[in-house]
Amino acid sequence: SIARISTFGVQNLSNTAWAYARLRVAKSEPLMAAISSSSLSRISAFDPQSLANTSWSCARFCFGDQTLLNAIAAESIRTLRQFAVQNLTNTAWAFAPLSVCNVTPLMDAISAESLARMCEFDSQHLGNTAWAVATLQLHNSEPLMHAIAAAALQKLSDFNMQELANTAWAVATLELHSEEPLMHAIAAPAIRRREGALWQPFFDCVDVFSLRGPMKSTANCLVAEFVGEGLAGVQAQRAPRSKPAHELFPSAGLSASML
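Let us look at the structure shown here. Keep in mind that what you see is a predicted model, and the values were worked out from it rather than measured.

1. Some words on the pattern of salt bridges
- In the structure shown here, the tally under the stated rule is 3 salt bridges.
- Here Arg 117 and Glu 120 are joined by a salt bridge, their closest N and O atoms 3.4 Å apart.
- Among the residues examined, Arg 117 registers a relative accessible area of 13% and is labelled buried.
- Classification of Glu 120 by relative accessible area gives partly exposed; the value is 44%.
- Counted as one network, the salt bridges with shared partners bring together Glu 113, Arg 117 and Glu 120.

In structure tokens, the structure reads:
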């Protein structure tokens with residue numbers, strides 16, 4: 001692909017990046033560098049899907065090409081009203097861990113567009129956007145987070161365990177004390193669905209509750225439910241983790257956001 005990359009159209013460029021990132025193909029940095037170089041002069045021709053796919057691919061590979069990311073951010077701001085909700089949330093999720101020097105204008109634009117279209121957000125969109133906002137520690141994020149919390153309360157039955165954990169972690173990280181009702185509401189389905197859930201996101205949820213003084217009793221209740229059901233040994237299933245939960249990419253966002 002690298003030898004012929006200059007002949008690729010913009011959709012071929014973004015699709016190639018997406019495909020390699022989706023499969024997590026090892027040693028793909030030379031390919032991503034070639035895609036970046038070929039994309040820069042044509043970034044204005046990228047449609048919303050291509051912009052979102054390319055930024056998502058950069059995040060998957062931890063490919064922090066600042067020139068490319070700044071170009072994607074600028075073009076995304078210009079065309080944001082054409083973005084589908086999935087493109088919006090994927091872009092927010094992608095830029096959150098990439099340490100772009102000045103991501104605030106893009107995130108402000110995404111925030112404004114998201115607020116206007118919050119009724120279109122499903123559980124994955126809500127959880128991933130909350131995670132992105134909290135990861136970036138945006139100073140003016142309260143209006144968006146309160147809107148996400150309100151929408152989440154209405155749709156908690158649709159949330160999987162990873163989305164519950166992402167949302168709970170975001171509220172705790174941003175210290176949104178007024179959203180305590182949401183935290184308690186998240187605890188209920190976390191307990192109810194523990195038997196069919198992935199264990200790691202369940203314990204991520206417990207970790208989040210344990211971080212907050214008022215929620216320590218909720219964390220204790222979650223663990224007590226496991227013990228009470230004869231599942232005390234499930235702690236041994238917990239995967240070892242070199243980083244705290246909030247430093248890991250949300251697995252649901254990684255695996256499902258572009259399907």
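Moving on from the coordinates now.
2. A few points about the environment of Arg 78
- Along the chain, the position of Arg 78 falls in helix 4 (residues 66-79).
- Note: C-alpha distance between Arg 78 and Ser 44 (34 residues apart in sequence) is 9.5 Å.

3. Details of the nonpolar core
- Membership of the largest hydrophobic core comes to 67 residues, with the highest contact counts inside it found for Phe 95 and Met 145.
- Sort the elements by how many residues they give to this core and helix 9 (residues 161-173) lands first, with 7 residues.
- In this structure, Met 145 is in contact with Ala 130, Val 133, Ala 170, Val 171, Leu 174 and Leu 176, ignoring residues within four places of it in sequence.

4. Notes on helix 6 (residues 104-116)
- Relative to the 18 Å expected for 13 residues at 1.5 Å per residue, helix 6 spans 18 Å between its end C-alpha atoms, a close match to the ideal helical length.
- All buried positions along helix 6 are accounted for by Leu 106, Met 107, Ala 109, Ile 110, Ser 111, Glu 113 and Ser 114.
- Check the buried side of helix 6 and you find it contacts helix 4, helix 5 (85-95), helix 7 (123-136) and helix 8 (142-155).

5. Concerning the environment of Ala 112
- The topology assignment puts Ala 112 in helix 6.
- As for Ala 112 and Leu 144, which are separated by 32 residues in sequence, their C-alpha atoms are 8.0 Å apart.

6. What to know about the packing of helix 3 (residues 48-61) against helix 4
- Running from amino to carboxyl end, helix 3 crosses helix 4 at an angle of 145 degrees, the nearest separation of the two axes being 10 Å. As for the relative orientation of helix 3 and helix 4, their crossing is left-handed in sense. Only Leu 68, Leu 69, Ile 72, Glu 75, Ser 76 and Thr 79 of helix 4 make contact with helix 3, whose side of the interface consists of Leu 51, Thr 54, Ser 55 and Cys 58.
- Along the lines of polarity and charge, the residues of the contact of helix 3 with helix 4 split into 5 nonpolar, 4 polar and 1 charged.

What counts and what doesn't
Residues numbered from 1 in each chain as written. Predicted model: local features only at pLDDT ≥ 70, side-chain atom pairs only at ≥ 80, totals over all residues. Heavy atoms only, no water. Salt bridge = Lys/Arg side-chain N within 4 Å of Asp/Glu carboxyl O. Buried < 20%, exposed > 50% of the residue type's maximum accessible area, 1.4 Å probe, protein only. Helix = DSSP H or I, 4+ residues; strand = E, 2+ residues; numbered from the N terminus. Core = buried A, V, L, I, M, F, W, Y, C linked by side-chain atoms within 4.5 Å. Contact = heavy atoms within 4.5 Å. Expected span 1.5 Å × (residues − 1). Axes fitted to C-alpha atoms, helices over the stretch in contact; angles between N-to-C directions. Left-handed = near helix turned anticlockwise from the far one by under 90°. Nonpolar A, V, L, I, M, F, W, Y, C, P; charged D, E, K, R; others polar.

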